[in-house]
Amino acid sequence: MALLGGLLGVDGVSCLQSMVARPIVAGPLAGLVLGDPVAGMWAGALLELVSLKQLPIGANRHWDTGPAAVAATTAAVTISPAGLALLVGVGF
């Protein structure tokens with residue numbers, strides 16, 4: 001998961017900037033790797049709402065929400081109660 005988060009961090013800042021590092025894509029991708037893409041979709045959707053007004057264009061400073069979506073999905077999948085897991089994951 002650290003490798004996926006690192007690759008998404010590079011995509012959002014310096015590489016292709018293909019918008020794969022957006023949380024709405026990164027969350028389900030991490031969930032697919034962990035075996036629960038629905039939890040990744042929810043974590044990614046919540047973090048996408050937070051970062052909608054910040055597009056990674058040019059020299060604009062923005063939050064790294066792609067790796068955050070990977071971390072939130074990992075926390076949401078590994079913690080057992082589903083509602084608490086999503087809350088803790090996105091808060092993390």
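What you see is a predicted model; the values in this text were computed from it and never measured. (Residues numbered from 1 in each chain as written. Predicted model: local features only at pLDDT ≥ 70, side-chain atom pairs only at ≥ 80, totals over all residues. Heavy atoms only, no water.)

Participant: Which parts of the structure should I look at to understand the packing of helix H3 (residues 37-50) against helix H4 (residues 65-78)?
Facilitator: When two helices pack together, their arrangement is given by the angle between the helix axes and by the axis-to-axis distance. One can describe the packing of H3 onto H4 by two numbers: an axis separation of 9 Å at closest approach and a directional angle of 140 degrees. Relative to H4, the element H3 lies oblique. As H3 packs across H4, the resulting crossing turns out to be right-handed. For the pair H3 and H4, contact is made by Ala 39, Gly 40, Ala 43 and Leu 47 and by Thr 65, Ala 68, Ala 69, Ala 72, Thr 73 and Val 77, respectively. For the contact of H3 with H4, the class distribution of residues is seven nonpolar, three polar and no charged. (Axes fitted to C-alpha atoms, helices over the stretch in contact; angles between N-to-C directions. Helix = DSSP H or I, 4+ residues; strand = E, 2+ residues; numbered from the N terminus. Parallel < 35°, antiparallel > 145°, perpendicular 65-115°, else oblique. Left-handed = near helix turned anticlockwise from the far one by under 90°. Contact = heavy atoms within 4.5 Å. Nonpolar A, V, L, I, M, F, W, Y, C, P; charged D, E, K, R; others polar.)

Participant: Explanation requested: H4 in the structure shown.
Facilitator: Every α-helical turn comprises 3.6 residues, leaving residues that sit three or four positions apart pointing alike. Taking 1.5 Å per residue as the helical rise, H4 with its 14 residues ought to reach 20 Å, and the 20 Å between its terminal C-alpha atoms agrees with that figure. Listing the buried residues of H4 in full gives Thr 65, Gly 66, Ala 69, Val 70, Ala 72, Thr 73, Ala 75 and Ala 76. (Expected span 1.5 Å × (residues − 1). Buried < 20%, exposed > 50% of the residue type's maximum accessible area, 1.4 Å probe, protein only.)

Participant: Just checking my understanding: could you explain the pattern of salt bridges for this structure?
Facilitator: Should the charged atoms of two oppositely charged side chains come close, the side chains can pair. Taken as a whole and judged by the stated rule, the model has one salt bridge. Arg 22 is the salt-bridge partner of Glu 48, the closest N and O atoms lying 2.8 Å from each other. Taken as a pair, Glu 48 in helix H3 and Arg 22 in the loop between helix H1 (2-13) and helix H2 (23-34) lie far apart in primary sequence, 26 residues in all. Exposure remark for Glu 48: the relative accessible area of 12% places this residue in the buried category. (Salt bridge = Lys/Arg side-chain N within 4 Å of Asp/Glu carboxyl O.)

Such coordinate-based values are descriptive only and should not be taken to indicate function.
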